[in-house]
Amino acid sequence: MTKLSIIVPVYNVEKYIRLCMESIFKQGLDENDYEVIIVNDGTPDKSMEMITDIIVAHQNIHVINQENQGLSVARNNGIAAAKGEYIQ
């Protein structure tokens, strides 16, 4: 059972997204206990390209691609897809 869902909205965060994702996976948690939901909110920069290798390397990452709808909609769509008992 997934205990934690981590929602990561992505829009124009090319400078920060890699550090964010690396930080999530450096916490030492069992990857079976949590999921990472990346919501690509139609980012025009290279944010998604910056983390392609991380996405491929981890089975607990789910990507939602959508046209730009704003941060609140991106978060809400991530929450709607979440399976964790807790959401961050």
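Structure's up top.
Residues numbered from 1 in each chain as written. Predicted model: local features only at pLDDT ≥ 70, side-chain atom pairs only at ≥ 80, totals over all residues. Heavy atoms only, no water.

Asker: I'd like a description of the overall build of the protein chain, backed by residues and values.
Answerer: Scanning the protein chain for helices and strands turns up four helices and four strands. Taking 12 Å as the expected radius of gyration for a compact globule of 88 residues, we find that the protein chain reaches 12 Å, a close match to that expectation. Counting only C-alpha atoms and orienting by the principal axes, one finds that the protein chain spans roughly 35 × 25 × 15 Å. Taken across its 88 residues, the protein chain has 34% of its residues classed as buried. Nonlocal contacts in the protein chain, meaning residues at least 24 apart in sequence, comprise 80% of its contacts between residues at least 6 apart. Separation of charge centres in the protein chain, based on 7 positive and 12 negative side chains, amounts to 4 Å. (Helix = DSSP H or I, 4+ residues; strand = E, 2+ residues; numbered from the N terminus. Rg over C-alpha atoms; globule rule 2.2 N^0.38 Å. Buried < 20%, exposed > 50% of the residue type's maximum accessible area, 1.4 Å probe, protein only. Contact = heavy atoms within 4.5 Å. Lys, Arg positive; Asp, Glu negative; His and termini not counted. Charge placed at Lys NZ, Arg CZ, Asp CG, Glu CD.)

Asker: Explain unusual backbone geometry to me, and be specific about the residues and the numbers.
Answerer: Leave glycine aside and you will find that most residues have negative phi; peptide bonds, for their part, are mostly trans. Not every positive phi belongs to a glycine, and N12 is a case in point at roughly 55°. Take N12: it is sitting in the loop between β1 (4–10) and α1 (17–25). Residue N12 is classed as partly exposed on the basis of its relative accessible area of 41%.

Asker: Summarise the packing of aromatic side chains; cite the residues concerned and give the values.
Answerer: What the rule picks out here adds up to one aromatic pair. Ring centres 6.0 Å apart and planes at 45° place the aromatic pair F25 and Y34 in the tilted group. Taken individually, F25 and Y34 each receive the classification buried, so the pair is uniform in this respect. (Phe/Tyr/Trp six-rings, centres within 6.5 Å; stacked < 30°, edge-to-face > 60°.)

Asker: So what's going on with the sheet that holds strand β2 (residues 34–40)? Which residues, and what values?
Answerer: Pairing in this open sheet of four strands is parallel, and the strands run β3-β2-β1-β4 from one edge to the other. Strands with a single pairing partner mark the edges of an open sheet, and in this sheet they are β3 (61–65) and β4 (86–87). Relative to β4, β1 is paired through two bridges, and the arrangement is parallel. Opposite L4, over in β4, you have Y86 as the bridge partner. Its contacts with the sheet place helix α4 (residues 71–81) against β1, β2, β3 and β4, and it is angled at close to 150° to β1. (Pairing = 2+ DSSP bridges. Axes fitted to C-alpha atoms, helices over the stretch in contact; angles between N-to-C directions.)

Any link to function would need more than the numbers given here.
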